[in-house]
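Tertiary structure, described
One-letter residues, chain by chain:
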Amino acid sequence: MHSLKTARYRAVDTGYRRRPAAAGDLAAIARAIAGRNVLVTIAFADVNAARWQIALVRHYVPGVVHVVVDNSPNDETAARIRHVAEAEGAFYLQLPRNPWTGKAPSRSHGLALNWTWHNLIRPAAPAAFGFIDDDLFPTAADDPFAPLATQDCYGQVRRIGSRWFLWAGFCMFRFDKVADLPLDFGQDWFLGLDTGGGNWEPLYSRIDLAAIAEAETRFVPFRPDLAVEEGPLQWVGTWLHEVGLMGRPELAEEKRNTVESLIAPHLAAAMRPFVEKEPASS
């Protein structure tokens, strides 16, 4: 049964990656990221998060190319995210409609990552590439690609028994070290490995985890009177992750407001250079 289900998942993945982007200039973006360090956000129906993240990446992670690959379920939201991306200076692609959306969020995310790997990253050959969640915000100057000077990949490690994988929301790779590998950013659910765990066999199983640096991470409640599981925020180094799908649903709006207040001074700093460049009023 596991083999049959895995074959089905792979068939869906193969068929999906053959479909063209719904919007955006794939060829132009590929030219722009060739030989560069590229951060790719898989967006999902969150216009404010896109606006905040693009501004903060531009401010705190200079020198990278930022691409928003949109996995939103409807065209109206996708159009708003596209407007934000283009206005803020990020590249934008809209994915074809994802067959797992509304059914299996992790599989939907993995399908989006694999489409991006096969259609954008692998053909473009950047120097290095990374995937980040759409509700992950840098709050200090950082170069997430710096550890790749001494190792092939870097990110937040998740351990499942004797196996491990990099969380798909913050993972960086040296392109030349993985270009010829049959990467799979989906799940290996039958081994207990979530999105990104499909790379256990082709990549992570060949790496000595004890010999590489990994991103420090910790979970905290967004409000001191709550247990972590009721309203978690995650810190990955100096990157703040809202953890949008976890916690009590009735607290989601309050948690979003807390995140906005935490990043507000950083957004003000990110926008200041643009405000200062505006011409004076006559």
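The rules behind the values
- Residues numbered from 1 in each chain as written.
- Predicted model: local features only at pLDDT ≥ 70, side-chain atom pairs only at ≥ 80, totals over all residues.
- Heavy atoms only, no water.
- Buried < 20%, exposed > 50% of the residue type's maximum accessible area, 1.4 Å probe, protein only.
- Helix = DSSP H or I, 4+ residues; strand = E, 2+ residues; numbered from the N terminus.
- Contact = heavy atoms within 4.5 Å.
- Pairing = 2+ DSSP bridges.
- Axes fitted to C-alpha atoms, helices over the stretch in contact; angles between N-to-C directions.

Glancing now at unusual backbone geometry. You will see that A45, though not glycine, has its phi angle at about 60 degrees, which is positive. Residue class for A45 comes out partly exposed when judged on its relative accessible area of 37%. Positioned with a positive phi, A125 is a non-glycine residue whose angle comes to about 55 degrees. Mapped onto the elements of the fold, A125 is located in the loop between helix 5 (105-124) and strand 4 (128-133).

All right, on to the environment of F165 then. As for its position among the elements, F165 is in strand 7 (residues 163-174). The residues contacting F165, other than those within four sequence positions of it, are Q156, V157, R158, I160, L193, D194, T195, G196, G197 and Y204.

Moving on, we come to the sheet that holds strand 2 (residues 65-70). The mixed open sheet is built from 6 strands, whose spatial order is 3-2-1-4-7-6. The open sheet has two edge strands, strand 3 (91-94) and strand 6 (153-160), and neither has a second partner. Neighbour-to-neighbour, the strand axes of this sheet turn through a mean angle of 30 degrees, independent of strand direction. Two strands pair when backbone bridges link them, and strand 6 and strand 7 are joined in this way by 7 bridges, in the antiparallel orientation. Bridged to R159 within strand 7 is W164. The strands that helix 2 (residues 26-33) touches are strand 1 (37-43), strand 2 and strand 3; relative to strand 3, the one it contacts most, it runs at about 140 degrees. Taken strand by strand, helix 3 (residues 47-60) contacts strand 1, strand 2 and strand 4, and its axis lies near 165 degrees from that of strand 2.

The analysis is restricted to geometry; functional conclusions fall outside its scope.
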